[in-house]
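# Observations on the model geometry
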Amino acid sequence: MALLLLVLLLVLLRFATGAGASAEPPRSPATALFVLGDSTVGCAATASSILPLNLTTTATLPSSLSGGPCLFFPAARRRLPDLLASRMGLPSPPPISALNGTASEAARGVNFGGGGQLLFYGGGERGSSPSSVFRMGAVGQQVRLASETLQLLQLDAAAPGEWESAAVFVLSFGADAYSRLLARGPAEADAAAPKHGRRGFARLLADRVSRAVSELYEAGVRRVAVMGVPPLGCAPRVMWERIPARDGGCVEEANELIEAYNGRLAARLDDLRPQLAGADVVFCDVYKGVMEIISNPSTYGFEETREACCGLGPLRATVGCVSKEMACGTPERHVWWDLYSPTEAADALVANWSWTSSSDSGATSICGPISLQQLAGRSPPPAEV
């Protein structure tokens with residue numbers, strides 16, 4: 001009997017030692033939030049107002065394009081980065097155009113993103129002919145601005161190397177690109193991307209976003225969250241253009257394209273992680289979160305899943321949101337704010353599910369391999385007794 005107890009004790013001791021050895025060291029709390037992306041994270045500033053912080057060299061940046069998906073938003077409307085910043089206990093990252101050029105202003109975060117910028121499609125980001133230009137977030141240009149800003153912050157930091165590892169970077173590209181791609185219809189979309197077509201476009205964009213993560217890693221970044229594209233086949237504009245009867249469900253062909261892109265992007269990040277020693281790279285399936293809301297609207301307090309809150313025409317999708325007078329009185333009951341953008345109420349749920357760990361009992365989680373709460377080094381609240 002004594003021998004049996006001794007053996008059991010040794011087994012338990014070995015198990016406990018092994019579990020302790022394999023446990024991840026705790027992450028320090030995030031001290032800054034930096035954001036890159038399209039209109040899902042902010043409206044574009046003009047080229048003349050976006051300059052690298054405190055640099056004498058100028059950057060060649062595209063001007064804003066009118067008529068993009070980022071039109072009128074109420075001043076109080078918070079987007080996903082603002083909601084995540086609140087979760088992290090940080091202020092909303094200000095747009096780079098609002099900073100005065102000093103490193104101290106950027107120390108707690110910067111939003112480099114905005115809609116209506118250009119990426120040269122097919123021939124790289126420089127030197128392409130005008131016919132090969134396809135509108136989307138300027139991934140490479142934002143990465144360069146972020147890298148230049150990081151260099152200044154590193155010079156200003158008391159402990160270079162520690163500061164970057166405590167900053168979280170959120171990347172959200174693809175929604176603007178796909179909204180424009182889908183708005184053209186199959187024939188026009190393929191003509192807009194003659195070398196690769198719509199499905200080849202997913203490969204190019206996923207590769208570019210993955211490369212952006214690598215470039216940020218080379219600049220010292222160690223915590224990155226990449227957001228997927230929402231189900232734009234359910235967005236008011238796409239439904240209005242592609243469903244003649246105006247009373248059908250989501251456009252499955254459009255959603256299949258976006259699901260394929262999200263899957264390719266997640267796979268590229270899976271391949272990338274082993275190459276980035278000491279880094280945490282998270283993918284958040286925004287598509288899954290928004291589809292959960294659309295599939296079960298009453299569960300989450302929504303009443304309208306098809307019609308936009310702000311706009312004109314059938315589904316409020318023929319004319320985009322250009323003034324506050326066009327907005328509905330109950331945006332919290334709508335999934336979609338305008339032609340392609342979710343409301344703050346929908347974004348708030350996506351933020352909650354991005355923050356939640358899959359290990360939380362009964363909780364919806366859309367990020368992996370860890371949650372954004374874990375990425376930010378924030379402890380979960382104590383369990384209620």
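Residues numbered from 1 in each chain as written. Predicted model: local features only at pLDDT ≥ 70, side-chain atom pairs only at ≥ 80, totals over all residues. Heavy atoms only, no water.

- Where an unreviewed UniProt entry is consulted, the protein appears under the name GDSL esterase/lipase, with the organism given as Miscanthus lutarioriparius.
- Under the heading Sequence similarities (unreviewed entry), UniProt records this for the protein: "Belongs to the 'GDSL' lipolytic enzyme family." (UniProt positions renumbered as here; feature names shortened; annotations may be inferred.)

### Considering the overall build of the protein
- Counting secondary structure elements, the protein contains 12 helices and seven strands.
- Here the protein holds 385 residues, and the buried ones make up 50% of them.
- A separation threshold of at least 6 residues defines the contact pool for the protein, and within that pool the share at least 24 residues apart is 72%.
- Here the protein has roughly 17,500 Å² of accessible surface; of this, 55% comes from carbon and sulfur atoms. (Helix = DSSP H or I, 4+ residues; strand = E, 2+ residues; numbered from the N terminus. Buried < 20%, exposed > 50% of the residue type's maximum accessible area, 1.4 Å probe, protein only. Contact = heavy atoms within 4.5 Å. Areas by Shrake-Rupley, 256 points an atom, 1.4 Å probe, with all protein chains shown as cover.)

### Some remarks on the nonpolar core
- Judged by nonpolar contacts, the single largest core of 97 residues is most densely connected at Phe34, Phe169, Leu171, Tyr178, Val213, Tyr261 and Leu372.
- Broken down by element, the residue count for this core peaks at nine residues, all from helix α7 (residues 197-218).
- In contact with Leu171, not counting residues within four places along its chain, are Leu36, Val209, Ala212, Val213, Leu216, Val224, Ala225, Val226 and Met227.
- Ranked by size, the runner-up nonpolar core spans six residues in total, among them Cys321, Met326, Cys328 and Trp337. (Core = buried A, V, L, I, M, F, W, Y, C linked by side-chain atoms within 4.5 Å.)

### Looking at the side chain of Thr305
- Take Thr305: it is sitting in the loop between α10 (286-295) and α11 (344-355).
- Among the residues examined, Thr305 registers a relative accessible area of 17% and is labelled buried.
- In this structure, Thr305 is in contact with Cys234, Ile294, Pro297, Val335 and Trp336, ignoring residues within four places of it in sequence.

### What to know about the pattern of salt bridges
- In total, this model carries eight salt bridges according to the counting rule given.
- When the shortest N-O distance is used, the salt bridge between Glu241 and Arg237 registers 3.1 Å. Of the two residues, Glu241 and Arg237 both sit in helix α8 (residues 236-242), four residues apart, roughly one turn of that helix.
- Given a relative accessible area of 29%, Glu241 falls into the partly exposed group.
- A residue is classified by how much of its surface remains accessible, and Arg237, at 18% relative accessible area, is buried.
- Three or more residues are tied together by salt bridges with common partners; here these are Arg208, Arg211 and Glu215. (Salt bridge = Lys/Arg side-chain N within 4 Å of Asp/Glu carboxyl O.)

### A word on the environment of Phe34
- Structurally, the position occupied by Phe34 is in strand β1 (residues 32-37).
- Residue class for Phe34 comes out buried when judged on its relative accessible area of 1%.
- Spatially, the C-alpha atom of Phe34 lies 8.1 Å from that of Arg108, the residues being 74 residues apart in sequence.
- Apart from the residues lying within four places of it in its own chain, the contact partners of Phe34 are Ala106, Gly109, Val110, Phe112, Leu153, Trp163, Ala167, Val168, Phe169 and Val170.

### Concerning the sheet that holds β1
- Sheet architecture is open: five strands sit in the order β1-β4-β5-β6-β7, paired in mixed fashion. Taken across any chain shown, the strands that pair with only one partner, and hence form the sheet edges, are β1 and β7 (367-368).
- Contacts from helix α2 (residues 80-88) reach β1, β4 (167-172) and β5 (223-227) within the one sheet, and its direction differs from that of β1 by about 165°. (Pairing = 2+ DSSP bridges. Axes fitted to C-alpha atoms, helices over the stretch in contact; angles between N-to-C directions.)

### Digging into the state of the cysteines
- Counted under the stated rule, the structure contains four disulfides.
- Two residues, Cys234 and Cys250, share a disulfide whose sulfurs are 2.0 Å apart. Handedness of the Cys234-Cys250 disulfide follows from its S-S torsion of about 110°: it is right-handed. One end of the pair, Cys234, is in the loop between β5 and α8; the other, Cys250, is in the loop between α8 and α9 (252-272), with 16 residues separating them in the sequence.
- Among the residues examined, Cys250 registers a relative accessible area of 23% and is labelled partly exposed. (Disulfide = S-S within 2.5 Å.)

### Looking at the pairing of β1
- Most of β1 sits out of view: six of its six residues are buried.
- Side-chain alternation along β1 places Ala32, Phe34 and Leu36 on one buried face and Leu33, Val35 and Gly37 on a second face that is also buried.
- By the bridge criterion, six bridges tie β1 to β4 in an arrangement that is parallel. If you follow Leu33 over to β4, its bridge partner there is Val168.

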